[in-house]
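Spelled out, the chains give:
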Amino acid sequence: MRVTELPEELLDAAVELWHRAGLTRPWNDPHEDCRRALTGDESTVLAAIDAAGELGGTVMVGQDGHRGWIYYLAVDERRQGQGLGKQLLAGAEDWLRQRGVPKLMLMVRQENAHVQDFYRALGYTDQDTVVLGRWLDTELETGLDAEVTTELDGEA
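Asks: Can you lay out the sheet that holds strand β2 (residues 43-49) for me, pointing to particular residues and giving the numbers?
Replies: Pairing in this open sheet of 5 strands is mixed, and the strands run β1-β2-β3-β4-β5 from one edge to the other. Looking along the sheet, the strands with just one partner apiece sit at the ends: β1 (2-5) and β5 (104-106). Each strand of the sheet is rotated relative to its neighbour by a mean of 30°, with strand direction disregarded. As judged from the 6 bridges shared by strand β3 (residues 55-63) and strand β4 (residues 68-75), these two strands associate in the antiparallel manner. Its bridge partner lying in β4, methionine 60 is registered against tyrosine 71. Strand contacts of helix α1 (residues 11-20): β2, β3 and β4, with the helix running at about 90° to β3, the strand carrying the most contacts.

Structure below.
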């Protein structure tokens, strides 16, 4: 497996991998997230690609001038347990080091203990912070509220 920037022709495969890994959310367009990272000056998507050109995993990495962040670290379920996640994470860390970024941050959902254990085993620690957010796109927020209400109404 070689780790390199995600080629355009594997963008759909990356998004499919993210869906299978449970990393996508309805309010984020993963295709747009990927394109934005690949065309941005301070971000990219790294991909693990085998000799046949098949996608084995991805990690999105970027920096804000103060800290580096990773998203969408995913390994194809058929290739898990082979060190590929560690290889992708090391690639992201190297990408950040080359840009002089002193610290890497990431977010893991509270309920995802298995992934938290993966990062802790690699030296990542809880930063004693709370992540807060606010919608800047009120149309998108309104659409999501309507989706949730409709889903809840259907459960009644």
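Alright, that's what it looks like, and here's the rest.
Asks: Please set out the confidence of the model for the protein residue by residue, giving values where relevant.
Replies: Interpreting fine coordinate detail is not advised for predicted regions of low pLDDT. Mean pLDDT over the protein: 89, with 90% of residues reaching 70 or higher. Across the protein, the element-wise mean pLDDT spans from 57 in helix α5 (residues 138-155) up to 98 in β2. The model gives residues 148-152 a pLDDT under 50, and that stretch makes 0 contacts with residues more than four places away or in other chains.

Asks: Mind laying out the packing of α1 against helix α2 (residues 30-39), listing which residues take part and the relevant values?
Replies: Relative orientation and spacing of two packed helices are given, respectively, by the angle between their axes and the distance between those axes. Contact pair α1 / α2: the axes reach a minimum separation of 10 Å and the direction vectors enclose 125°. Here α1 lies oblique to α2, going by the angle between them. For α1 against α2, the interelement crossing comes out right-handed. Mapping the contact onto sequence places Leu11, Asp12, Val15, Trp18 and His19 in α1 and Pro30, His31, Cys34, Arg35 and Leu38 in α2. Tallied by class, residues from the contact of α1 with α2 come to 6 nonpolar, 2 polar and 2 charged.

Asks: Give me the side chain of glutamine 63: which residues, what numbers.
Replies: With respect to the element layout, glutamine 63 can be found in strand β3. Accessibility expressed as a relative area gives 16% for glutamine 63, which makes it buried. Here glutamate 42 takes part through its side chain, which lies 2.3 Å from a polar atom of the side chain of glutamine 63. A polar side-chain atom of glutamine 63 sits 2.8 Å from the main-chain amide nitrogen of glycine 65. In this structure glutamine 63 touches Glu42, Gly68, Trp95, Leu96 and Val101, once residues within four positions along its chain are discounted.

Criteria and cut-off values
Just so you know, the residues in each chain are numbered from 1, in the order the chain's sequence is written. The predicted origin of the model limits local features to residues at a pLDDT of at least 70 and limits the giving and counting of side-chain atom pairs to 80 or more, whereas totals for whole chains, interfaces and linings rest on all residues. Water and hydrogen atoms were dropped before computing side-chain values, which therefore reflect all heavy atoms in the structure. Strands qualify as paired when DSSP identifies two bridges or more between them. A run of H or I in DSSP becomes a helix once it reaches four residues, and a run of E becomes a strand once it reaches two; helices and strands are each numbered from the N terminus. What counts as an axis is a line fitted to C-alpha atoms, over the stretch in contact for a helix, and the angles between N-to-C directions run from 0 to 180 degrees. Every residue pair with non-hydrogen atoms within 4.5 Å of one another is taken to be in contact. Per-residue confidence from the predictor is given as pLDDT, running between 0 and 100. Roughly parallel refers to an angle under 35 degrees, roughly antiparallel to one over 145, roughly perpendicular to one between 65 and 115, and oblique to any angle outside these ranges. Working rule for handedness: look at the near helix, and if it is turned counterclockwise from the far one by less than a right angle, call the crossing left-handed; if clockwise, right-handed. The nonpolar class holds Ala, Val, Leu, Ile, Met, Phe, Trp, Tyr, Cys and Pro. Asp, Glu, Lys and Arg form the charged class, and all remaining residues, Gly among them, are polar. Accessible area is worked out with a 1.4 Å probe on protein chains only. A residue is then buried under 20% of its type maximum, exposed over 50%, and partly exposed in between. Identification of polar contacts relies on pairs of N or O atoms within 3.5 Å, with a donor-acceptor requirement for protein atoms, meaning one able to donate a hydrogen and the other able to accept it, and with residues adjacent in sequence counted only if both atoms are side-chain atoms.

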